[in-house]
Amino acid sequence: MSENLNINEVPEEKNSVADMKNEIFDWVQNIVFILSAIVLIFIFLFRIVGVDGESMMPTLHHKDWLVISDLFYEPERGDIVVLSKNSFMDGKMIVKRVIATENQTVDIDFEKGIVYVDGKELSEPYIAEPTHRNISMSFPATVPENCVFVMGDNRNHSADSRDASLGMVHESCILGRLLLRLLPVSAFGTVN
């Protein structure tokens with residue numbers, strides 16, 4: 001008895017190998033697409049930066065990881081920002097809090113440790129201790145147009161706008177505003 005073979009039939013084993021190869025290719029293609037999308041989102045919309053130092057304690061700690069964005073950002077008093085200015089610490093990125101914006105006047109009573117903006121004492125429950133450390137700026141000082149005055153929350157252990165080498169920071173030096181703390185996981189979320 002002779003068997004009739006259909007030349008269009010492919011053994012079942014070859015079909016399953018081809019199906020598996022196609023499925024693996026689809027998975028790899030999807031993963032590459034997703035990773036590319038994530039990279040583009042973080043290049044154009046968000047950045048992830050690490051905190052280096054203790055100048056923002058108790059709000060932020062050394063080695064915290066933050067998500068920042070400058071998309072549609074207009075500085076406001078109280079914002080936590082990441083900035084870089086070539087004349088300060090060789091352009092290293094630093095994290096500080098915006099204390100005053102353009103045309104506002106900052107004054108600091110270093111004996112009492114009180115910061116004033118436009119003659120009003122700031123309520124600052126986020127600071128580690130009163131502001132007793134004067135660096136090299138003269139006060140009162142008015143913030144120029146398109147600039148901000150920034151300070152660290154750990155006032156007596158922070159190099160900030162009180163240092164003339166940083167001074168008033170032009171808005172173009174602001175890399176982004178803090179949106180979210182990623183790490184440590186126990187502190188994940190927004191920062192007040």
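Quick caveat, the model's predicted, so the values are computed rather than measured. (Residues numbered from 1 in each chain as written. Predicted model: local features only at pLDDT ≥ 70, side-chain atom pairs only at ≥ 80, totals over all residues. Heavy atoms only, no water.)

Student: Quick question: what am I supposed to make of the sheet that holds strand E9 (residues 147–151) here?
Tutor: In any sheet, the strands associate via hydrogen bonds between backbone groups, in a parallel or an antiparallel arrangement. Ordered by their spatial adjacency, seven strands build an open sheet running E1-E2-E11-E3-E4-E9-E10, and the pairing between neighbours is antiparallel. The strands lining the two open edges of the sheet, one partner per strand, are strand E1 (47–50) and strand E10 (169–170). In the sheet, strand E4 (residues 94–101) pairs with E9 via four bridges, with the strands oriented antiparallel. Following the sheet pairing, Val 98 is matched in E9 by Val 150. (Pairing = 2+ DSSP bridges. Helix = DSSP H or I, 4+ residues; strand = E, 2+ residues; numbered from the N terminus.)

Student: Would you explain the pairing of strand E11 (residues 174–183) in this entry?
Tutor: If a strand is regular, its side chains alternate between the two faces of the sheet. By the bridge criterion, five bridges tie strand E2 (residues 65–69) to E11 in an arrangement that is antiparallel. If you follow Leu 66 over to E11, its bridge partner there is Arg 181. Note that strand E3 (residues 80–83) and E11 share three bridges and pair antiparallel. Looking at the pairing, Val 82 lines up with Gly 176 of E11.

Student: Is there a simple way to explain the packing of aromatic side chains in this structure?
Tutor: Geometrically, a pair of aromatic rings is defined through the distance of the ring centres and the angle of the planes. Applying the stated rule across the entire model yields two aromatic pairs. Look at Phe 139 and Phe 149: their rings are 5.9 Å apart centre to centre, the planes differ by 85°, and that puts the pair in the edge-to-face class. Of this pair, Phe 139 sits in the loop between strand E7 (120–121) and strand E8 (141–142) while Phe 149 sits in strand E9, and the two are ten residues apart along the sequence. Take Phe 139 and Phe 149: they sit in the same class, and that class is buried. Taken together through their ring pairs, the aromatic side chains of Phe 110, Phe 139 and Phe 149 make up a single cluster. Geometry around Tyr 126 places Arg 97 over its ring, the cationic atom sitting 3.7 Å from the centre. (Phe/Tyr/Trp six-rings, centres within 6.5 Å; stacked < 30°, edge-to-face > 60°. Buried < 20%, exposed > 50% of the residue type's maximum accessible area, 1.4 Å probe, protein only. Lys NZ or Arg CZ within 6 Å of the ring centre and 35° of its normal.)

Student: How should the nonpolar core be read in this particular structure?
Tutor: Nonpolar side chains in soluble globular proteins tend to end up buried together. Residues Ile 99, Val 106, Phe 139 and Phe 149 are the most contacted members of the largest nonpolar core, which totals 18 residues. The leading source of residues in this core is E9, at three residues. In this view, Phe 149 contacts Arg 97, Val 98, Ile 99, Ala 100, Val 106, Phe 139, Val 143, Ser 161, Arg 162 and Met 168; residues no more than four positions away in its chain are not counted. If you look at the next biggest cluster of nonpolar residues, it comprises twelve residues, including Ile 94, Val 148, Val 150 and Cys 173. (Core = buried A, V, L, I, M, F, W, Y, C linked by side-chain atoms within 4.5 Å. Contact = heavy atoms within 4.5 Å.)

Student: Is there a simple way to explain the pattern of salt bridges in this structure?
Tutor: Summed over the entire model, instances satisfying the criterion amount to five salt bridges. Asp 64 is the salt-bridge partner of Arg 181, the closest N and O atoms lying 2.9 Å from each other. With Arg 181 in strand E11 and Asp 64 in the loop between E1 and E2, this pair connects stretches of sequence that are 117 residues apart. Overall, Arg 181 belongs to the buried group, its relative accessible area being 11%. For Asp 64, a relative accessible area of 4% corresponds to the buried category. For Glu 124, the salt bridge goes to Arg 155, with nearest N and O atoms at 2.6 Å. Of the two residues, Glu 124 sits in the loop between E7 and E8 while Arg 155 sits in the loop between E9 and E10, which places them 31 residues apart along the sequence. Here Glu 124 and Arg 155 have matching classes, each one buried. (Salt bridge = Lys/Arg side-chain N within 4 Å of Asp/Glu carboxyl O.)

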